[in-house]
Amino acid sequence: GKSSEGRRPKDKNNKPKDKNKPSMSEEDFKMHLDMAIRRASAWNSDMNFIERMDSVTSQLLCTAIAQLTTLLGCAAVGSSRHRHILPRVLEAGFLVSVQSLLTTQGDELAMLEDMVAAAEWL
């Protein structure tokens, strides 16, 4: 007769089973797939937040540097007003002035919130 040695056991669909491959029910697969999709979505929203913060903080940092450079440049060319401000800046710190024409409507609210977060970072 034929020997069953070397043959793999078969599943209910008459396909050979791989002993090294763990089996998973369809429900378990769907649950794991759903969790993976949720993690990917959370990671994507984290990346969106990081990209937004990178953009906003770099813009605010450039604004602060431009304002400080202007103050120093005006003081260097002899502006008595700016020369008067310099010792106060060194003592109290530099105040960055920001203006915005954004409103609290729609996406503009998120932009304002991003600007607040960047100002707190700065």
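How each quantity is defined
Residues numbered from 1 in each chain as written. Predicted model: local features only at pLDDT ≥ 70, side-chain atom pairs only at ≥ 80, totals over all residues. Heavy atoms only, no water. Patch = residues over 30% accessible without salt bridge, like charges linked within 9 Å, V, L, I, M, F, W, Y side chains within 5 Å. Areas by Shrake-Rupley, 256 points an atom, 1.4 Å probe, with all protein chains shown as cover. Salt bridge = Lys/Arg side-chain N within 4 Å of Asp/Glu carboxyl O. Helix = DSSP H or I, 4+ residues; strand = E, 2+ residues; numbered from the N terminus. Contact = heavy atoms within 4.5 Å. 1 Å grid on protein atoms, 1.4 Å probe; cavity = no way out; pocket = protein on both sides within 12 Å on 5 of 7 lines; lining within 4 Å. Points joined across faces, edges and corners; volume = space filled by probe spheres on them. Nonpolar A, V, L, I, M, F, W, Y, C, P; charged D, E, K, R; others polar. pLDDT = per-residue confidence, 0-100. Expected span 1.5 Å × (residues − 1). Buried < 20%, exposed > 50% of the residue type's maximum accessible area, 1.4 Å probe, protein only. Arc of directions from axis to C-beta.

**Q** So what about a nonpolar patch on the surface? Which residues, and what values?
**A** A cluster of nonpolar side chains, contributed by Met-24, Phe-29, Leu-33 and Ile-37, occupies part of the molecular surface with about 410 Å² of accessible area. Position of Met-24 relative to the elements: it lies in the segment before α1 (26-76).

**Q** Go over the side chain of His-82 with me, naming the residues and quoting the values.
**A** Here His-82 is to be found in helix α2 (residues 80-92). In this view, His-82 contacts Leu-71, Cys-74 and Ala-75; residues no more than four positions away in its chain are not counted.

**Q** Got a sec to walk through the layout of surface pockets? Specific residues and values, please.
**A** What the second largest pocket holds in volume is close to 260 Å³. In terms of lining, the second largest pocket is formed by Val-56, Gln-59, Leu-60, Thr-63, Val-98, Gln-99, Ser-100, Leu-102, Met-111, Asp-114 and Met-115. Only α1 and α3 (107-121) provide two or more residues apiece to the lining of the second largest pocket. Here the lining of the second largest pocket gets four residues from one element, more than from any other, and that element is α1. Here the residues of the lining of the second largest pocket sort into six nonpolar, four polar and one charged.

**Q** Could you give an account of the confidence of the model for the protein chain, naming the residues involved and the relevant values?
**A** Taken residue by residue, the protein chain gives an average pLDDT of 78. The fraction at 70 or more is 75%. Mean pLDDT per element in the protein chain: α1 is the minimum at 82, and α2 is the maximum at 88.

**Q** Which residues make up the pattern of salt bridges, and what are the values?
**A** Scanning the entire structure with this criterion turns up one salt bridge. Note that Arg-52 is salt-bridged to Asp-114, the shortest N-O span being 2.7 Å. One end of the pair, Arg-52, is in helix α1; the other, Asp-114, is in helix α3, and 62 residues separate them in sequence.

**Q** Go over α3 with me, naming the residues and quoting the values.
**A** With 15 residues, α3 extends 21 Å from end C-alpha to end C-alpha; this agrees with the ideal 21 Å at 1.5 Å per step. Of all the positions in α3, only Leu-112, Asp-114 and Ala-118 are classed as buried. Here the buried residues of α3 occupy an arc of 160° about the axis, which is enough to place them on one side.

**Q** I'd like to hear about the environment of Ile-65, residue by residue, with values.
**A** Relative to the assigned elements, Ile-65 resides in helix α1. Residues Ile-65 and Val-96 lie 31 residues apart in sequence; the distance between their C-alpha atoms is 9.1 Å.

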